[in-house]
Amino acid sequence: LGETLTNFVVKRTFFAHFCAAEDEVGLQPVMERLEASGVSGILDYAAEADLDTSRDEREEEVVARTYEYEGEKACDAAAAVFEKCIATAHSVAQHSATGSNPFAAIKVTALGNPKLLKRISEMIVQTKLLFQRMEDRLERPSVGSFTLDEFRNAFSQIFHLPADDPEQVDKLFWYALGASDEAEWRAANPDTEPTMDIVDWMRSMDVNVVSRLVESCREKGPLFNVALSPEELELAQALFARLDRLANMAEELDVRLMIDAEQTYFQPCIDANVLRLQRMHNVDRPVIFGTYQCYLKDTDERLTQDIERAKREGWAFAAKLVRGAYMVTERRLAEELDYPDPIHDTLEDTHDSYNRNLRRIIETPKAEIMIATHNQESCEIAANAMDQAGRDRRNGGVYFGQLLGMADNITFTLGLCGYSAFKYLPYGKVQEVLPYLIRRAQENSGLMAGAVHERRVIANEIKRRLFNRGSGQ
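Here the structure is a predicted model, which means the values were calculated and not measured.

The rules we used
Residues numbered from 1 in each chain as written. Predicted model: local features only at pLDDT ≥ 70, side-chain atom pairs only at ≥ 80, totals over all residues. Heavy atoms only, no water. Salt bridge = Lys/Arg side-chain N within 4 Å of Asp/Glu carboxyl O. Helix = DSSP H or I, 4+ residues; strand = E, 2+ residues; numbered from the N terminus. Buried < 20%, exposed > 50% of the residue type's maximum accessible area, 1.4 Å probe, protein only. Pairing = 2+ DSSP bridges. Axes fitted to C-alpha atoms, helices over the stretch in contact; angles between N-to-C directions. Arc of directions from axis to C-beta.

### Points about the pattern of salt bridges
For the coordinates displayed, the defined rule picks out 32 salt bridges. D44 is the salt-bridge partner of K107, the closest N and O atoms lying 3.3 Å from each other. With a gap of 63 residues between them, K107 in the loop between β2 (103-106) and α6 (114-136) and D44 in strand β1 (residues 39-45) connect regions that are remote in the sequence. Residue D44 is classed as buried on the basis of its relative accessible area of 1%. Between E150 and R140 there is a salt bridge, with the nearest N and O atoms lying 2.8 Å from each other. Of this pair, E150 sits in helix α7 (residues 148-158) while R140 sits in the loop between α6 and β3 (145-146); the two residues are ten residues apart in sequence, bridging distant segments of the chain. For R140, a relative accessible area of 22% corresponds to the partly exposed category. Within this structure, D197, D200, R203, R279, E308, R312 and E313 form a network of salt bridges that share partners.

Spelled out as C-alpha cells, the structure:
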C-alpha cells in the first residue's frame, strides 16, 4: 500500500512535471505538442544502475539508482526498450515540422552489470598508468611518447617477450599507430618518424588485448590485478554487443544516439565504448555522441584528447556538454575513500570550463554538439560562437537541450529564433524514474535560482504588455 500510494502521489506531481510518459505510446502526443512550438524531443528511458548495496543502505541513502542488476535478461530487456526509443525518435522525425535531426539517449549501466563496468573502468585506468610506468623505465626525461626502440626497451622490462613470436612488440607498436606493419605506416607517413603517444596506446588497448598482455607480466602489479577473467570477458562482450546493436540501429534510422555520462567510477568504461562506436559510426556523419561533465577537473584534458583522436582517425567528433549531475555522490565517495575531490572547487570554475569547451567544439570543423544547459549565459555564448564560426542556426550541427519541466523560457525562445532546440524527455514507469526525480532535486542546486529568473522574465513580459496596451501600441 505504501509503494502504491507513493507512486500515485509522485505520478500526479513530480512525475507529471519532469517526465514525459510511462511508455513510448505516451511519448507521441508530448513530442507532437513540442513540435508545434518549433522544439524537438530527446527520448531518454530513465534507467540506470549503481553498485549493489543492502536494502538498509538503499533506504538511508539518496543516490542515482533506478534498478539493481538482475542479470543478463534484465540487460537484454533494457536494450529492447532503447531500441523502441530509437525507433520512436525516427518515427516522430518523419512527421516533424522543425526538420531537426532526431535524438535518443541511452545509459550504459542499463546494459551491463555495474560491477563489471567498474572493473573495466579500473582496468582502463591502470592501462593508462602503465604507459607512464613504462616511460619511467627509460633513462631520459618524460616526453609523453615512445620511439620503436624505446618501446621495445620499456616493454621488455615489464613483460616477458614471447619466444614463439619475437615480433610481437613491434606488431603492437604498429597496431597502436593504426598500421599492420612498418611498411604500411611509412607509406602513409613518408616524412614522419614514428612515435607512440598515450592516444595511440589507448586506442590499441581493448579488454581482450589487455587480458592477453597481463599473462606475460614479469610481476603481478596493479594492471594484472584488475585484468578481466574469462567469465568477465564473456559478459563484457555481451555488453558490447548490446551497444553495437543500438548503434547500428541508430545509424540505419539516422538517429543521433547520445550516451549519457554517469558516475566517475563507471566513466572510463563508458568513454572507451563511446570512442569505439564513434570510430565505426561517425565516419560519414555524427551518429554517436559522448557526454562530458564540465564540473570534473579532468574534462578539458579528456575533451582535447578525444578531439585529437577524431582528427587523427578521420571521424566526426560529437559531444553532449553538461555541467554534471552526480556532485553529491562524487564528493562523498572521494571523502570516504580519501582521494582528491574530482569536482571543480567553485561553481565559477565549472561555468568557465563549460563555456570554454563549448567554444572549442563549435570551432572544430565538422564537430557537432548538444549544449545541454539551463544557463542562459552559456546559450548566448554558444549563439555568438556559432555566428563567428559561420554555423547555420538550424542545420549547423549545434543543438540546444533542456530538461522537460525546466527552463522553458530558454528552450522555446531558441526554437522560435530558428535554433535547433530540444527538450530532454525522460520516461519510464514511476518506480523506475523515482530515483531520477530525487537526483534532479538533489543535484540541481540551480533549480530555485532558475525558477526565480523565469518568474522575473514572465513578470517583465506582463508589465511590457500592459504598458504597451496602455500606450496604444
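Read on, since the account is not over.
### Some words on the sheet that holds strand β6 (residues 288-293)
The eight strands lie next to each other as β1-β2-β5-β6-β7-β8-β9-β10, forming a closed barrel whose pairing is parallel. Neighbour-to-neighbour, the strand axes of the sheet open up by a mean angle of 30°, direction not taken into account. Relative to strand β9 (residues 398-403), strand β8 (residues 368-372) is paired through four bridges, and the arrangement is parallel. Looking at β9, one finds that I369 is bridged to V398.

### Digging into helix α16 (residues 327-337)
Residues of α16 that are buried: T329, E330, L333 and A334. Projection of α16 onto a plane perpendicular to its axis shows the buried side chains occupying an angular sector of 135°, all on one side. Residues of α16 that are exposed and point over 90 degrees away from its buried face: E335 and E336. Positive backbone phi, approximately 60°, marks D338, located one or two places after α16.

### Points about the pairing of β2
Neither face of β2 is open: one carries F103 and A105, the other A104 and I106, and all of them are buried. Here β1 pairs with β2 via three bridges, running parallel. Considered in β2, the bridge of L43 is made with A104. Bridge count between β2 and strand β5 (residues 256-259): four bridges; the pairing is parallel. When the sheet's bridge partners are listed, F103 is paired in β5 with R256.

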